[in-house]
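# Structure assessment
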Amino acid sequence: MAENPTIETDVLVVGAGPAGLLLAGDLAAAGIGVTLLEKRATESNLTRAFAVHARSLEMLDARGLAEDLIATGRPLSELRMFDRLAVELHRLPTRFPFVLITPQYNVERLLHERAEKAGATILRGTEVTGLRQDADGVTLETAGGAAYRARYAVGTDGVHSTVRDLLGLPFPGESVVDSVLLADVRLEREPEGTITVGANESGFAFLAPFGDGWYRVIAWDRHHKVPDGTAPSIEQISAIATAAIGEDYGLHDARWTSTFHSDERQVPNYRSGRVFLAGDAAHCHSPAGGQGMNTGLQDAANLSWKLAAVLRGRATDALLDTYQTERHPVGRMVLRSSGALIRLALAESVPTRALRGALGAISSHLDPVAERGARMVSGIGISYPAPKDTHPQTGKRVPDLRLTALSRPAEDAPAAPERLYEALRAGKFVLVSNDELAATAPWADRLVFAAPADPHGKLRDTVLLIRPDGYVAWAGVDPGQNELRTALTGWLGAPATA
């Protein structure tokens, strides 16, 4: 019997969650061959995540998806944790000064449609069972007997990652909370707020809307422990919610119930040869702060343009190592911050509960501390390491700058982008300068050119080279032609020749 042929592509992505779908869509849009392998035969209508933070909305805006997603959910200008502790978001310097409450499957649906439209191959019901890599590429074997070969592979297949296991990578950490009860229910009485959360010495409860009349309830009782996968009764969930929140809003008609445990874990290395890990396959943590899905989306946005640059021959393989140096510290930070929040929420001792109440009472009065907390939870406060002696903006996130065309466009030319995240939809670097720079001409096919809308503002004499993920690659004040050429060659590859 003849063996099944090996199917070849540029990049293999394993796992069709938000991170995998965004990554596959980015690569396909960049003209890179990408095949996404998903074990599940059908899309899931279940969801673990509900919160889409500001930085993720900026990432989706750069892909033309933010407004469509916002239409599916409810924006909240305050993210309430427990007691009086809340994160105020309305003053964040972003186009999206809120957290969007919408089920994860809405995010997946939009990213799936974009990836397919861009040309990604998405294969469901395809379980990866084997992995081999060599100096030239990666081969994945599947349960159906088919084999797939690519230059690189990315595991975005969740906490129980097959890719991570096949690589033999450790996933050190610990369980933070076990016997967490989940249910999708209807309510007789609608809560006052979009998100309802409460905690006491016995446990906590959380209610969030799907937007179609169903609600997700998450409940935990330190005195009631059951194995993962056990289906709790509606009476158990009602009792915990009533104790933690004060009432259960008449929850009834559970269409689905389950039990899970929440871990804090992070793989030491996000890269192993030609294979990368992203999202929950690389890190997992408590749901406090709603940062899980968002961190995975930003992993994917960081990695996708780097893979595309290397595969196009515009960067060396060393660029891919910066995925580890930039994203691993972010994952570690999220583990620590979400871990601190969940431990406060689960506090049993009287002194710790008193500290929790005190923090809630004073947090809104400590503006610098509160603002830093909001920036980090929302993701807009995250920046990446920059080499010494570089411009202070290097590695920083760029807000949604108002832009204008550098010169008068031809009558039949498309309209110039009016803001940065519209310009980033081209999937290219964006060069922002008040002057037309002749030295940039050889890289014209790799750049979007624009000027700041205010020629006398903060960027008056500054030239910014902005990466496709919205961070500053390089900046200079009145740079010379040689300095500019060096920067462009370093980031965009050798100039095109006539």
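One can find the structure itself at the top, above this paragraph.
Presented here is an overview of the structure given in this document. Since the model is a prediction, treat every value here as computed from it, not as a measurement.

Rules and cut-offs
- Residues numbered from 1 in each chain as written.
- Predicted model: local features only at pLDDT ≥ 70, side-chain atom pairs only at ≥ 80, totals over all residues.
- Heavy atoms only, no water.
- Helix = DSSP H or I, 4+ residues; strand = E, 2+ residues; numbered from the N terminus.
- Expected span 1.5 Å × (residues − 1).
- Buried < 20%, exposed > 50% of the residue type's maximum accessible area, 1.4 Å probe, protein only.
- Phe/Tyr/Trp six-rings, centres within 6.5 Å; stacked < 30°, edge-to-face > 60°.
- Lys NZ or Arg CZ within 6 Å of the ring centre and 35° of its normal.
- Core = buried A, V, L, I, M, F, W, Y, C linked by side-chain atoms within 4.5 Å.
- Contact = heavy atoms within 4.5 Å.
- Axes fitted to C-alpha atoms, helices over the stretch in contact; angles between N-to-C directions.
- Parallel < 35°, antiparallel > 145°, perpendicular 65-115°, else oblique.
- Left-handed = near helix turned anticlockwise from the far one by under 90°.
- Nonpolar A, V, L, I, M, F, W, Y, C, P; charged D, E, K, R; others polar.
- 1 Å grid on protein atoms, 1.4 Å probe; cavity = no way out; pocket = protein on both sides within 12 Å on 5 of 7 lines; lining within 4 Å.
- Points joined across faces, edges and corners; volume = space filled by probe spheres on them.
- Salt bridge = Lys/Arg side-chain N within 4 Å of Asp/Glu carboxyl O.
- Pairing = 2+ DSSP bridges.

### Notes on helix 7 (residues 292-311)
Here helix 7 spans 29 Å end to end across 20 residues, near enough to the 28 Å set by a 1.5 Å rise per residue. Burial within helix 7 is extensive, with 19 of its 20 residues counted as buried. With its phi angle positive at about 80 degrees, G313 sits one or two positions after the end of helix 7.

### Description of the packing of aromatic side chains
Scanning all chains against the criterion turns up 11 aromatic pairs. Centroid distance F204 to W220: 6.0 Å. Interplanar angle 25 degrees. Geometry classified as stacked. With F204 in strand 16 (residues 203-209) and W220 in strand 17 (residues 215-221), this residue pair connects regions lying 16 residues apart in the sequence. Judged by its relative accessible area of 12%, F204 is buried. Between the aromatic rings of Y384 and Y471, the centroid separation amounts to 4.5 Å while the plane-to-plane angle is 40 degrees, which identifies the pairing as tilted. On the criterion of sequence distance, the pair formed by Y384 in the loop between helix 10 (367-378) and strand 22 (403-404) and Y471 in the loop between strand 25 (462-466) and strand 26 (472-477) is long-range, its members being 87 residues apart. With respect to burial, Y384 and Y471 carry one shared label: buried. Site record: aromatic cluster; members linked through ring pairs are Y152, Y270, F276 and Y323. A cation sits over an aromatic face here: R164 above F171, 3.8 Å from the ring centre.

### Details of helix 2 (residues 54-61)
Counting buried residues in helix 2 gives 8 out of 8 residues, a clear majority hidden from the surface. Listing the buried residues of helix 2 in full gives A54, R55, S56, L57, E58, M59, L60 and D61.

### Quick word on the nonpolar core
Counting 85 residues, the largest nonpolar core has L307 and L465 as its most contacted members. Broken down by element, this core gets its largest block of residues, 11 residues, from helix 7. Once residues lying within four places of it in the same chain are set aside, the contact partners of L307 are L23, L27, Y152, V154, F276 and L320.

### Concerning the packing of helix 1 (residues 18-29) against helix 7
Helix-helix packing: each pair is described by the crossing angle between the helix axes and the interaxial distance. Relative orientation of the contacting elements helix 1 and helix 7 amounts to 25 degrees, with a least axis distance of 8 Å. By the angle between their axes, helix 1 is roughly parallel relative to helix 7. As for the relative orientation of helix 1 and helix 7, their crossing is right-handed in sense. In this structure, helix 1 uses P18, A19, L22, L23, D26 and L27 to contact helix 7, whose residues at the interface are M293, G296, L297, A300, A301, L303, S304, L307 and A308. Looking at the contact of helix 1 with helix 7 residue by residue, the classes come out as 12 nonpolar, 2 polar and 1 charged.

### What about the side chain of N302?
For N302, the position within the fold is in helix 7. Setting aside residues no more than four positions away along its own chain, N302 makes contact with Y323, E326, R327, Y384, R467 and D469.

### A short note on empty space enclosed by the protein
Applying the stated criterion across every chain, the model contains 2 cavities of 30 Å³ or more. Put simply, the largest cavity is a space of about 60 Å³. Every residue lining the largest cavity is listed: H53, Q291, N294, T295, Q298, M333, V334, M376, V377, S378, G379 and I382. Breaking the lining of the largest cavity down by element, the ones donating at least two residues are helix 7, helix 8 (318-345) and helix 10. Residue assignment for the lining of the second largest cavity shows that the elements contributing at least two residues are helix 2 and helix 7. By residue number, the principal contributor to the lining of the second largest cavity is helix 7, which donates 3 residues. Classifying every residue of the lining of the second largest cavity by side-chain character gives 4 nonpolar, 2 polar and 2 charged.

### Concerning the pattern of salt bridges
Throughout the structure, instances matching the rule amount to 30 salt bridges. R327 serves as the salt-bridge partner of D299, at 2.8 Å between the closest nitrogen and oxygen. Residue D299 is located in helix 7, and its partner R327 is located in helix 8; the two are separated by 28 residues in the primary sequence. Residues R460 and D461 are paired through a salt bridge, measuring 3.6 Å at the closest nitrogen-oxygen approach.

### Let's talk about the pairing of strand 17
Along a regular strand, successive side chains alternate from one face of the sheet to the other. Along strand 17, 6 of the 7 residues are buried, which leaves the element largely enclosed by surrounding structure. One ladder, built from 5 bridges, connects strand 14 (residues 173-186) with strand 17; its direction is antiparallel. If you follow A183 over to strand 17, its bridge partner there is V217. Here 7 bridges tie strand 16 to strand 17, and the two strands are oriented antiparallel to one another. Note on strand 17: the bridge partner recorded for P209 is Y215. Joining the antiparallel neighbours strand 16 and strand 17 is a turn of 5 residues, in which G211 adopts a positive phi near 100 degrees.

### A look at the environment of L459
On the secondary structure map, L459 appears in the loop between strand 24 (447-452) and strand 25. Separated by 26 residues in sequence, L459 and S433 have C-alpha atoms that sit 7.8 Å apart. Every residue in contact with L459, bar those within four places of it in the chain, is listed here: L401, V432, N434, P452 and L464.

### A look at the sheet that holds strand 2 (residues 11-14)
Strand order in the open sheet made by the 6 strands is 9-3-2-13-20-19, with mixed pairing throughout. Of all the strands in the sheet, the pair left with one neighbour each is strand 9 (121-124) and strand 19 (271-272). The pairing of strand 3 (residues 34-38) with strand 9 spans 4 bridges and is parallel. Residue L37 lies in a different strand from strand 9, and its bridge partner there is L123. Taken strand by strand, helix 1 contacts strand 2, strand 3, strand 9 and strand 13 (152-155), and its axis lies near 160 degrees from that of strand 3.

### Things to note about the sheet that holds strand 10 (residues 128-133)
Strand order in this open sheet of 4 strands is 1-12-11-10, and the pairing throughout is mixed. The open sheet is flanked by strand 1 (6-8) and strand 10, the only strands paired with a single partner. Adjacent strand axes in the sheet meet at a mean angle of 25 degrees when their direction is disregarded. Sheet topology note: the strand 11 (residues 138-142)/strand 12 (residues 147-150) ladder contains 4 bridges and is antiparallel. By the bridge assignment, L140 is partnered in strand 12 with Y148.

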